[in-house]
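Observations on the three-dimensional arrangement
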Amino acid sequence: MRWTINPNSILSRTARAALAAALPGVLIAAFLPVGVAPVIAGSDWASHGVAFAVLAVLTAAGFPRAPLFLSWAALSMIGAGIEVVQAIPALGRGASLIEAGYDALVVAVVFAILWILGFRSRVAEESLEKGF
């Protein structure tokens, strides 16, 4: 089954608004010192996975015309940028290339699942006419 999202739909606009709120939240959490930063299920890896899975779904739904590869590249750069900033000693965090790679992998897996389920990164012109 194939499905498309109109970029002007309520779903897409809501996803963009949620992304606009979630991304700063992820960045703030990433830059807090280790003892203060929120952790999901007691694991930094779980925190990374959930954060980037949510960002991936919101990005795909919020920008349905954007090719998934470009969305993956943008989110992967955000993950890498977080690790660069975490290298600042004053933050009390540590940078990790492995975590940046994990973030990119999580986004790739989410996008692969969306693709397998029939999500199309480009909205068909017919869907715009029908208002889907």
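Residues numbered from 1 in each chain as written. Predicted model: local features only at pLDDT ≥ 70, side-chain atom pairs only at ≥ 80, totals over all residues. Heavy atoms only, no water.

The next subject is the confidence of the model for the protein. Averaged over all residues, the pLDDT of the protein equals 85, while 87% of them reach at least 70. Within the protein, no element has a lower average pLDDT than helix 5 (residues 125-130), which sits at 48, and none a higher one than helix 3 (residues 68-86), at 95. Throughout residues 121-127 the model reports pLDDT below 50, and contacts reaching past four residues in sequence, or to other chains, amount to 19 contacts. (pLDDT = per-residue confidence, 0-100. Helix = DSSP H or I, 4+ residues; strand = E, 2+ residues; numbered from the N terminus. Contact = heavy atoms within 4.5 Å.)

Attention now goes to the nonpolar core. Soluble globular proteins tend to bury their nonpolar side chains together. Judged by nonpolar contacts, the single largest core of 22 residues is most densely connected at Phe 52, Leu 55 and Phe 111. The dominant element in this core, judged by the number of residues it contributes, is helix 2 (residues 44-62), at 7 residues. Among residues more than four places away in sequence, those in contact with Phe 52 are Leu 75, Ile 78, Gly 79, Ile 82, Asp 103, Val 106 and Val 107. (Core = buried A, V, L, I, M, F, W, Y, C linked by side-chain atoms within 4.5 Å. Buried < 20%, exposed > 50% of the residue type's maximum accessible area, 1.4 Å probe, protein only.)

Moving on, we come to the packing of aromatic side chains. Under the counting rule described, the total for this entry stands at 2 aromatic pairs. Ring geometry for Trp 45 versus Tyr 102: centroids 4.9 Å apart, planes at 85°, classification edge-to-face. Of the two residues, Trp 45 sits in helix 2 while Tyr 102 sits in helix 4 (residues 97-116), which places them 57 residues apart along the sequence. Using a relative accessible area of 38% as the deciding quantity, one classes Trp 45 as partly exposed. (Phe/Tyr/Trp six-rings, centres within 6.5 Å; stacked < 30°, edge-to-face > 60°.)

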